[in-house]
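Chain by chain, the residues:
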Amino acid sequence: MKSLKWHGVTVFFALAIVLVTTGCDRSDGDQIPELLCGTRIDRELFRSVLTSTGDLTESNRLDPSEGISAPCTLFSSGKRILELHFYYSTASPEFAGRSKYDPVFRDISQWKSVNIADEAIVGNNGAIVSGSCVVGRNTDLIIEMRMPEVNIMDESHRKDIEKFMRAYFPATVKTLHCR
């Protein structure tokens, strides 16, 4: 009888250890979704632009069936960590012809033009990319990405932002079934 009791205790502790180990061994990768604002994206690229990966939730008002501008925000433990704004337009934003003080650039710190889609800028804390996307009477899609928790003077995220937007923008155009 004693042997059976010890066997039960041993099984109990073995199961407890497995449960604790499984719970503690969950990697952040398990928390990173495969879709961001309806677009499938490589998890490692996605991870590279996240300042936190705990308790991720998304608020998405973008409707792929309609050409209506909308925001999509990613939260980590209730804090805004990634904001994407999708704008449909009947014309290109023509970044090159604008002053660097134009209000369109106000939320992107120390930006520089890069070669992504038709027009793009990448800064320390975000990016704006514009390209062809015919949906209804709209001809262009503009995606503005911001990372609210990133210090505007911190240049360490710039390469990750650019790499992310190089993959995310064309994937979104494909997801939205642009012509």
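Coordinates for the structure precede this section.
Report follows, based on the coordinates.

Rules of the game
Position numbers for residues start from 1 in each chain and track the written sequence from start to end. Per-residue local features are limited, in this predicted model, to residues with pLDDT of at least 70; the limit for side-chain atom pairs, both in listing and counting, is 80 or more; totals at the level of whole chains, interfaces and linings are taken over all residues. Based on all heavy atoms of the structure, the side-chain values leave hydrogens and waters out of the count. Burial classes follow relative accessibility: with a 1.4 Å probe on protein chains only, a residue under 20% of its type's maximum area counts as buried, one over 50% as exposed, and anything between as partly exposed. Per the convention used, a helix needs a DSSP run of H or I reaching at least four residues, while a strand needs a run of E reaching at least two, with both numbered from the N terminus. When DSSP finds two or more bridges between two strands, those strands count as paired. The set of buried Ala, Val, Leu, Ile, Met, Phe, Trp, Tyr and Cys residues whose side-chain atoms join them within 4.5 Å is what this entry labels a nonpolar core. Throughout, a contact is declared for two residues whenever any of their heavy atoms are within 4.5 Å. Classification of ring pairs uses Phe, Tyr and Trp, with its six-membered ring standing for Trp, and accepts pairs whose centres are within 6.5 Å; under 30 degrees between planes counts as stacked, over 60 as edge-to-face, and the remaining range as tilted. Grid points spaced at 1 Å and placed over the protein atoms alone form the basis of the search, with a cavity being a set where a 1.4 Å probe fits but cannot get out and a pocket an open set showing protein on both sides within 12 Å along at least five of seven lines. Lining residues have an atom within 4 Å of a point. Grid points are joined across faces, edges and corners, and a volume is the space filled by probe spheres set on the points. Nonpolar residues are Ala, Val, Leu, Ile, Met, Phe, Trp, Tyr, Cys and Pro. Charged residues are Asp, Glu, Lys and Arg, and all others, Gly as well, are polar. In this scheme, a helix's expected span is set at 1.5 Å multiplied by one less than its residue total. Across the chain, bend at a residue is computed as the angle between axes fitted to the seven residues ending at that point and the seven starting from it. The definition used for a disulfide is geometric: two cysteine sulfur atoms within 2.5 Å.

1. What to know about the pairing of strand β8 (residues 126-135)
Part 1 of the argument: Judged by how many residues are buried, β8 sits mostly within the fold: eight of 10 residues are covered.
Part 2 of the argument: The hairpin formed by strand β7 (residues 119-122) and β8 contains three residues between the paired strands.
Part 3 of the argument: Alignment of β8 against strand β9 (residues 138-146), held across eight bridges, turns out to be antiparallel. Following the sheet pairing, Val135 is matched in β9 by Asn138.
Part 4 of the argument: Taken together, β8 and the strand that follows it, β9, pair antiparallel across an intervening segment of two residues, in which Gly136 is found at a positive phi of about 65°.

2. Details of the nonpolar core
Part 1 of the argument: Membership of the largest hydrophobic core comes to 38 residues, with the highest contact counts inside it found for Leu82 and Phe164.
Part 2 of the argument: If you list the elements that add at least two residues to this core, you get α2 (43-48), β4 (70-76), β5 (79-89), β7, β8, β9 and α3 (158-175).
Part 3 of the argument: In terms of residues, this core owes the most to one element, α3, which gives six residues.
Part 4 of the argument: In this structure Leu82 touches Leu36, Phe46, Val49, Leu50, Cys72, Thr73, Leu74, Met145, Arg146, Met147 and Pro148, once residues within four positions along its chain are discounted.

3. Regarding the packing of aromatic side chains
Part 1 of the argument: A complete count under the given rule lists three aromatic pairs for this structure.
Part 2 of the argument: Taken together, a centroid distance of 5.2 Å and an interplanar angle of 10° make the contact between Phe164 and Tyr168 stacked. Taken together, the residues Phe164 and Tyr168, both in helix α3 and four residues apart, mark about one turn of the helix.
Part 3 of the argument: For Phe164, a relative accessible area of 0% translates into the label buried.

4. Examining the layout of surface pockets
Left-over empty space is what a probe sized like a water molecule reveals as it rolls over the atoms.
Part 1 of the argument: Quantified by volume, the largest pocket comes out at close to 170 Å³.
Part 2 of the argument: What lines the largest pocket is His85, Tyr87, Pro93, Phe95, Pro103, Val104, Arg106, Asp107, Ile128, Ile142, Glu144 and Arg146.
Part 3 of the argument: Where the lining of the largest pocket is concerned, the elements lending two or more residues are β5 and β9.
Part 4 of the argument: With three residues, β9 is the single largest residue contributor to the lining of the largest pocket.
Part 5 of the argument: Residue composition of the lining of the largest pocket, by class: seven nonpolar, one polar and four charged.

5. Focus on α3
Part 1 of the argument: Taking 1.5 Å of rise per residue, 18 residues should cover 26 Å, and α3 covers 25 Å from first to last C-alpha, within 8% of that figure.
Part 2 of the argument: Along α3, the sharpest kink reaches roughly 25°, centred on Met165.
Part 3 of the argument: Among the residues of α3, those classed as buried are Arg158, Ile161, Phe164, Met165, Tyr168, Phe169, Thr172 and Val173.
Part 4 of the argument: Immediately beyond the C-terminal end of α3, within one or two residues, lies His177, with a positive phi of roughly 55°.

6. Section: the state of the cysteines
Part 1 of the argument: Using the criterion set out here, one finds two disulfides in the structure.
Part 2 of the argument: The disulfide partner of Cys37 is Cys72, and the S-S distance across this bridge is 2.0 Å. As the torsion about the S-S bond is roughly -95°, the Cys37-Cys72 disulfide counts as left-handed. Within this pair, whereas Cys37 is found in the loop between β1 (35-36) and β2 (39-40), its partner Cys72 is found in strand β4, the two being separated by 35 residues in sequence.

7. Here we look at unusual backbone geometry
Peptide bonds are, in most cases, trans, and in most cases residues other than glycine have a negative phi.
Part 1 of the argument: Of note in this structure, Cys37 is not a glycine but carries a positive phi near 55°.
Part 2 of the argument: When its relative accessible area of 4% is taken as the criterion, Cys37 is described as buried.
Part 3 of the argument: Its identity is not glycine, yet Ser77 carries a phi of approximately 50°, on the positive side.
Part 4 of the argument: Checked against the element boundaries, Ser77 lands in the loop between β4 and β5.
Part 5 of the argument: For Ser77, a relative accessible area of 52% puts it in the exposed group.

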